[in-house]
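Chain residues, written in single-letter form:
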Amino acid sequence: GEDVEQSLFLSVREGDSSVINCTYTDSSSTYLYWYKQEPGAGLQLLTYIFSNMDMKQDQRLTVLLNKKDKHLSLRIADTQTGDSAIYFCAERGSGNTGKLIFGQGTTLQVKP
Amino acid sequence: SQTIHQWPATLVQPVGSPLSLECTVEGTSNPNLYWYRQAAGRGLQLLFYSVGIGQISSEVPQNLSASRPQDRQFILSSKKLLLSDSGFYLCAWSSQGRGPLNYGYTFGSGTRLTVV
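Only a predicted model underlies this, so the values are computations on that prediction, with no experimental measurement involved.

Conventions and cut-offs
Residues numbered from 1 in each chain as written. Chains lettered and ligands numbered in written order. Predicted model: local features only at pLDDT ≥ 70, side-chain atom pairs only at ≥ 80, totals over all residues. Heavy atoms only, no water. Helix = DSSP H or I, 4+ residues; strand = E, 2+ residues; numbered from the N terminus. Rg over C-alpha atoms; globule rule 2.2 N^0.38 Å. Buried < 20%, exposed > 50% of the residue type's maximum accessible area, 1.4 Å probe, protein only. 1 Å grid on protein atoms, 1.4 Å probe; cavity = no way out; pocket = protein on both sides within 12 Å on 5 of 7 lines; lining within 4 Å. Points joined across faces, edges and corners; volume = space filled by probe spheres on them. Nonpolar A, V, L, I, M, F, W, Y, C, P; charged D, E, K, R; others polar.

Asks: Where do I start with the overall build of chain A in this structure?
Replies: Check the secondary structure of chain A and you find zero helices and 11 strands. Its C-alpha radius of gyration of 14 Å places chain A within 12% of the 13 Å reference for a compact globule of 112 residues. Counting only C-alpha atoms, chain A reaches 45 × 30 × 20 Å along its principal axes. For chain A, buried positions account for 45% of its 112 residues.

Structure follows, in structure tokens:
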């Protein structure tokens, strides 16, 4: 079945780079997404990548996709305290329902 | 532009009382609609999704039900709340169009439900 796994916690110092990792199982996934959830709020779409790409950069965010290993990562350059949040990766399932399959979320703690 | 509204923002209900959470989407038609629960600020559990009026799919057996009486209205209900129903409830929508931005979800701001 479809499954998405993430590490639960990451702590970095302000100004360092953060790398959040994700693995997925559905090899037919077409799009993979990264969402950010700040405390007490809904999830906000950060970025996405198409499965035939291996990298996508958007300002401080870099998404790397290794389709062979089914591994996705989100790199945040020059991490700021405002980046502290829970980050979810998600894959679009292969069925026709359009459902996204979410990982359990990685809590990013940025220390000043 | 499309917007999603979810209310109330917080709710404290006694065990055994009924529940009704409402979600509405504006600026689009025939959206896919989803209800998620997030327990203890962690992962998302898909509760229900709907691809059209009156079409509800349940992901997990539970004390809750969902209804879609109108195209852009999605309601989460319970007849008798349990303590285990406490959590953060999120509504989301996606377009039935093609392409990554249509496939991606837009989430509401959530309802914090505490059952006491």
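Past the structure itself, the notes keep going.
Asks: So what exactly am I meant to see when it comes to the layout of surface pockets here?
Replies: To find the voids left in a structure, one rolls a probe of water-molecule size over its atoms. Empty space within the largest pocket amounts to approximately 230 Å³. Taken together, A:Lys99, A:Leu100, A:Ile101, A:Phe102, B:Tyr36, B:Leu44, B:Gln45, B:Leu46, B:Glu59 and B:Val60 form the lining of the largest pocket. Only strand E10 (100–102) of chain A together with strand E5 (44–52) of chain B provide two or more residues apiece to the lining of the largest pocket. Class assignment of the residues belonging to the lining of the largest pocket gives a composition of seven nonpolar, one polar and two charged. Estimates place the volume of the second largest pocket at around 170 Å³. Around the second largest pocket, the lining comprises 13 residues; the ones closest to its centre are B:Trp93, B:Leu101, B:Gly104, B:Tyr105 and B:Thr106. Among the secondary structure elements, those contributing two or more residues to the lining of the second largest pocket are strand E5 (43–50) of chain A together with strand E9 (87–94), helix H1 (100–103) and strand E10 (106–107) of chain B. No other element matches the three residues that E5(A) contributes to the lining of the second largest pocket.

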